[in-house]
Structures are given as structure tokens and as C-alpha cells.
Amino acid sequence: DLNPEWLLACAQRELREQRPNEFLALFLCLWAGLRRREADLLLWEQVDFKNGQVHVRRTAFFEPKTEESQRAIDLAPEALDVLRSLKKGSTSEFVLNGSDPRPGATYDYYRCDCTWRDLVGWLQEKGVRDHKAIHMLRKESGSLIASTHGIEAARQHLGHRDIRTTSAHYVSKKKRVEISLSLNTALKEVAL
């Protein structure tokens, strides 16, 4: 089972300085739960540093998958600090460096194709065997939100139309869920 904190720590150590575009791609999919295409075409203007959010919305370059895909994703202060530091060196309107967008291209066109391929290789080196390694980051993001804030929060975070999609494909159990009843206390109550 993948440990997302370990993976992020490895990325911080191995990618952030030497391969910042790969680090940022991993960061956007794992920390913000973005789809590959959402991250690939994300503009800096969609990052709201003041309110601590990333806004996934229609732009000149991007058409959301569904209406529910348009959303505001809350980011922790630490995540915003990472984005702020990486923005300092950026000269592009896009968060990820890549080729020019092709709005008329098919869904499979990615501006940052080399970045995504290199990131998949890095993830495989870290033991990720999932056929869709990049998508696995998004699934982990949804699972982390669900385990802390519930399935509805995960659905909103991921931008799913139907909670059944979130439940069936994107959420894995991250912590023990158990009922805590004391048999001894119950027996004492009955004896009184």
C-alpha cells in the first residue's frame, strides 16, 4: 500500500530542486487531487493565494470534464508555500512548464507530456505498480480527504458528479473504523 507522506517526502528530496516540473505535477495531483489534464492546463491565475484555493474552471485552454469538475480546492498553508516558492521562478502563465497548448487537440494531448512520462518512471522506481500511476495520485488524494472529512467532501474535492464514482473507485480505507463499546461498563450497568 502506498504511503503518500513517504512519496511526497521522496519527491521533496529527489525532484523539487532537480526536476521541479515533475515535483509540481505530482504535487498538483496528490495534494490538490487534480486530473492530469486539469494540472497540465492550470494557469497561475487559477491559484488564489489570498484564499488558499485552486480554482478548476473553464479557461481559453481548458474545458472541464463536467460542470461538477469546476470547483475550488482548498489548500493547506504548507501547500500554498510550496506553490508560492515555485511560482517565483516561473515565466509562464501556466503552472507547469510545457509546450504551447492546442485547444483543438484531442483529449489525449498534453502540453507537458515529457514531464508526465518522466514522473511515471519515477513513481515506478518508488514501487508504484498501478497501470495509471498519475491517476493513482488523484485516488490517494480522494482517499485522504474521505478518511478525514468524509465521502461527500472527497466527491467535491475530486469534482465528481456522482458520489458512487467516488465511493467505488477513488476511496480506500486509510484508518480503522470501529465502534468502541465497553462490555465491562455494560455489564456493570445491567448489574445495578
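Residues numbered from 1 in each chain as written. Predicted model: local features only at pLDDT ≥ 70, side-chain atom pairs only at ≥ 80, totals over all residues. Heavy atoms only, no water.

Draft legend 1. Representation of the overall build of the protein chain within the structure. Along the protein chain, the regular secondary structure elements total nine helices and three strands. Counting helices and strands in the order they occur from the N terminus, the protein chain gives α-α-α-β-β-β-α-α-α-α-α-α. Here the contacts in the protein chain between residues at least 6 apart in sequence split such that 60% fall between residues at least 24 apart. Looking at the protein chain as shown, the accessible area adds up to about 11300 Å², and 50% of this sits on carbon and sulfur atoms. (Helix = DSSP H or I, 4+ residues; strand = E, 2+ residues; numbered from the N terminus. Contact = heavy atoms within 4.5 Å. Areas by Shrake-Rupley, 256 points an atom, 1.4 Å probe, with all protein chains shown as cover.)

Draft legend 2. Local environment of the nonpolar core. Within the largest apolar cluster, 46 residues are counted, with the highest numbers of intra-cluster contacts made by Leu28, Trp116, Leu119 and Leu123. Elements with a minimum of two residues in this core: α1 (4-14), α2 (20-30), β2 (53-56), α4 (77-88), α5 (113-125) and α6 (133-149). Looking at which element gives the most residues to this core, the answer is α2, with eight residues. Ignoring sequence-local partners within four residues, the contact set of Leu123 consists of Leu7, Leu26, Val128, Ala133, Ile134 and Leu137. (Core = buried A, V, L, I, M, F, W, Y, C linked by side-chain atoms within 4.5 Å. Buried < 20%, exposed > 50% of the residue type's maximum accessible area, 1.4 Å probe, protein only.)

Draft legend 3. Just the sheet that holds β2, in detail. If you trace the three strands from one edge of the open sheet to the other, you get β1-β2-β3, paired in antiparallel fashion. Looking at which strands have only one partner, the edges of the open sheet turn out to be β1 (47-48) and β3 (71-74). Bridge analysis of β1 against β2 gives two bridges, and the strand direction is antiparallel. Residue Asp48 lies in a different strand from β2, and its bridge partner there is Gln53. (Pairing = 2+ DSSP bridges.)

Draft legend 4. Molecular detail of the packing of α6 against helix α7 (residues 151-158). The N-to-C vectors of α6 and α7 enclose an angle of 145 degrees; their axes lie 7 Å apart at closest approach. Considering the relative orientation of α6 and α7, their crossing is right-handed. Here Arg138, Ser141, Gly142, Ile145, Ala146 and His149 of α6 come into contact with α7, specifically with Ile151, Ala153, Ala154, His157 and Leu158. The residue makeup of the contact of α6 with α7, split by class, is six nonpolar, four polar and one charged. (Axes fitted to C-alpha atoms, helices over the stretch in contact; angles between N-to-C directions. Left-handed = near helix turned anticlockwise from the far one by under 90°. Nonpolar A, V, L, I, M, F, W, Y, C, P; charged D, E, K, R; others polar.)

Draft legend 5. Structural view of the packing of aromatic side chains. Taken as a whole and judged by the stated rule, the model has three aromatic pairs. Both rings, one in Phe61 and one in Phe94, keep their centres 5.1 Å apart while their planes meet at 55 degrees; by these two values the pair is tilted. Of the two residues, Phe61 is situated in the loop between β2 and β3 and Phe94 in the loop between α4 and α5; the sequence distance between them amounts to 33 residues. The ring of Phe94 has Arg111 lying over it, and the distance from NZ or CZ to the ring centre is 3.9 Å. (Phe/Tyr/Trp six-rings, centres within 6.5 Å; stacked < 30°, edge-to-face > 60°. Lys NZ or Arg CZ within 6 Å of the ring centre and 35° of its normal.)

Draft legend 6. Spatial organisation of the environment of Lys126. Looking at the element boundaries, Lys126 is found in the loop between α5 and α6. Considering only alpha carbons, one finds Lys126 and Leu7, 119 residues apart in sequence, at a separation of 7.7 Å. Setting aside its immediate chain neighbours within four residues, Lys126 contacts Trp6, Leu7, Cys10 and Glu14.

Draft legend 7. Up close: the pattern of salt bridges. Applying the stated criterion across every chain yields a total of 13 salt bridges. Salt-bridge contacts for Glu14 lead to Lys126; the nearest nitrogen and oxygen are separated by 3.0 Å. One end of the pair, Glu14, is in helix α1; the other, Lys126, is in the loop between α5 and α6, and 112 residues separate them in sequence. The partner of Arg71 in a salt bridge is Glu38, with the nearest N and O atoms 2.9 Å apart. With Arg71 in strand β3 and Glu38 in helix α3 (residues 36-40), the pair connects residues that are 33 residues apart, well separated along the chain. As far as the burial class goes, Arg71 and Glu38 line up, both buried. Here the residues in one salt-bridge network are Arg13, Glu14 and Lys126, joined through shared partners. (Salt bridge = Lys/Arg side-chain N within 4 Å of Asp/Glu carboxyl O.)

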